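The primary structure of each chain is shown beneath.
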Amino acid sequence: MTALPPARTPIGATGDAGVHDAPTPRNTANPPNQPSPARVVLCMKWGTKYGPDYVDRLYGMVRRHLRGDFQFVCLTDRSEGIRPEVRCLPIPSLNLPAGSPERGWTKLTTFAADLHGLRGTALFLDLDVVIVDDITPFFEQPGEFLIIHDWKRPWRVTGNSSVYRFTLGAHADVLQDFRANVESVRQRFRNEQAYLSDAMHRQGKLAYWPADWCASWKYHCIPRFPSNFWRVPAAPAGARILVFHGVMNPPDALAGRANGNWRRAKPAPWIAEHWQA
């Protein structure tokens, strides 16, 4: 596991209540009828696992924590209920064989040669992340393709695709190779992020975010046993985005639900101050 700096005291716990204060909104997204700006924030929602409130909350967090102009785009098969500032576009077809488990492979469609005419630099964010600090540096960090380095097995090249950045249209070969070799790829790689990391690594384009920017909720925010029984989870120092992977999501963190996770956690009410539209 990648070591992170000591955790800050969260709002609602003993300590400085100003640590997690969210900044005042500083911008709004460009209207849908305007040309695509240089910076595009992408998310994806398919099926019914996540409702429109997840998209609305993610947009609100980006608006509060990203300086300057941006366009917020949701690739989705269900746009009902999503706030009007979000530009909803169809998810391109992945052309998987009938009956094939999806397992997140749909994310690869973000690498289409022409993604609905969008241009510029795209930052992809999973719907269930929680943004707690300025994300402007995610657009400034040097590199052709950046992704979270896997926390559990850092000796591998595999990244976590909850947060990745790329130039729109610049990596169409990754999607083309997948479509041409679906069965072979699925036999060699467990999921989309393993395949994507390997493809970018072989091309010499793979780079990782600074280790403290993206923190795992279950690895870095929940206190170690036995202090998890009396200490409230906290965002580590330097964290900008909290990633909820596995069986827990932000509502579970708020309520202190483990959902079968190997480490129980106390409720973290301070999450609500960030996870809002």
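Rules behind the numbers
- Residues numbered from 1 in each chain as written.
- Predicted model: local features only at pLDDT ≥ 70, side-chain atom pairs only at ≥ 80, totals over all residues.
- Heavy atoms only, no water.
- Phe/Tyr/Trp six-rings, centres within 6.5 Å; stacked < 30°, edge-to-face > 60°.
- Helix = DSSP H or I, 4+ residues; strand = E, 2+ residues; numbered from the N terminus.
- Lys NZ or Arg CZ within 6 Å of the ring centre and 35° of its normal.
- Patch = residues over 30% accessible without salt bridge, like charges linked within 9 Å, V, L, I, M, F, W, Y side chains within 5 Å.
- Areas by Shrake-Rupley, 256 points an atom, 1.4 Å probe, with all protein chains shown as cover.
- Salt bridge = Lys/Arg side-chain N within 4 Å of Asp/Glu carboxyl O.
- Core = buried A, V, L, I, M, F, W, Y, C linked by side-chain atoms within 4.5 Å.
- Buried < 20%, exposed > 50% of the residue type's maximum accessible area, 1.4 Å probe, protein only.
- pLDDT = per-residue confidence, 0-100.
- Contact = heavy atoms within 4.5 Å.
- Pairing = 2+ DSSP bridges.
- Arc of directions from axis to C-beta.

Going through the model one piece at a time under the given rule, you end up with 20 aromatic pairs. Ring centres of Phe 111 and Tyr 164 lie 5.7 Å apart, and the angle between their planes is 15°; on these two criteria the pair is classed as stacked. Taken together, the residues span a long stretch of sequence, with Phe 111 in the loop between strand S3 (87-89) and strand S4 (121-125) and Tyr 164 in strand S7 (residues 159-167) at a distance of 53 residues. An aromatic cluster of at least three residues, connected via ring pairs, comprises Phe 111, Phe 124, Phe 145, Tyr 164 and Phe 166. Over the aromatic face of Phe 139 sits the side chain of Arg 39, whose NZ or CZ is 5.2 Å from the ring centroid.

On the surface, a nonpolar cluster with roughly 440 Å² of combined accessible area is contributed by Phe 225, Phe 229 and Trp 230. Inspection of the secondary structure assignment puts Phe 225 in the loop between helix H6 (217-221) and strand S10 (241-243).

A separate point is the nonpolar core. Inside soluble globular proteins, nonpolar side chains tend to come together where they are buried. Judged by nonpolar contacts, the single largest core of 50 residues is most densely connected at Leu 58, Val 62, Phe 72, Leu 125, Trp 217 and Leu 242. Top contributing element to this core by residue count: helix H1 (residues 52-65), with 6 residues. In this structure, Ile 147, Phe 178, Ala 194 and Leu 206 belong to the second largest nonpolar core, which totals 32 residues.

In the predicted model, the protein carries a mean pLDDT of 87, and 85% of its residues have values of at least 70. Here residues 1-30 scores under 50 on pLDDT; set against residues more than four positions off or in separate chains, the count is 80 contacts.

Let us look at the sheet that holds strand S9 (residues 214-216). Pairing is mixed across the open sheet formed by 3 strands, whose spatial order is S5-S10-S9. Where the open sheet ends on each side, the last strands, each with one partner, are strand S5 (130-131) and S9. In this structure, S5 lies alongside S10, joined through 2 bridges in antiparallel fashion. Counted as the bridge partner of Ile 131 is Ile 241 from S10.

Across the 5 residues of strand S6 (residues 145-149), 4 count as buried, placing the element largely inside the fold. When S6 meets strand S8 (residues 206-208), the two strands line up parallel, connected through 3 bridges. The residue of S8 that forms the bridge with Phe 145 is Leu 206. Sheet analysis places S6 next to S7, joined by 4 bridges and oriented antiparallel. Looking across to S7, one finds that Ile 147 is bridged to Tyr 164.

So, on to the pattern of salt bridges. Tallied over the entire structure, the rule returns 8 salt bridges. Notably, a salt bridge pairs Asp 134 with Arg 67, separated by 2.7 Å at the nearest N-O pair. With Asp 134 in the loop between S5 and helix H2 (137-140) and Arg 67 in the loop between H1 and strand S2 (71-76), this residue pair connects regions lying 67 residues apart in the sequence. By relative accessible area, Asp 134 is classed as buried at 13%. Taking the shortest distance from any N to any O, the salt bridge between Asp 198 and Arg 202 comes out at 2.8 Å. Of this pair, Asp 198 and Arg 202 are both found in helix H5 (residues 192-202), 4 residues apart, which corresponds to roughly one turn of the helix.

The next point concerns helix H3 (residues 172-180). Helical geometry: 3.6 residues make up each α-helical turn, so side chains three or four residues apart lie on a common side. Restricting attention to buried positions, one finds in H3 the residues Ala 172, Val 174, Leu 175 and Phe 178. Buried residues of H3, viewed axially, fall in a sector of 160°; they line one side. Structural note: H3 exposes Gln 176 and Ala 180 on the side pointing more than 90 degrees away from its buried face.

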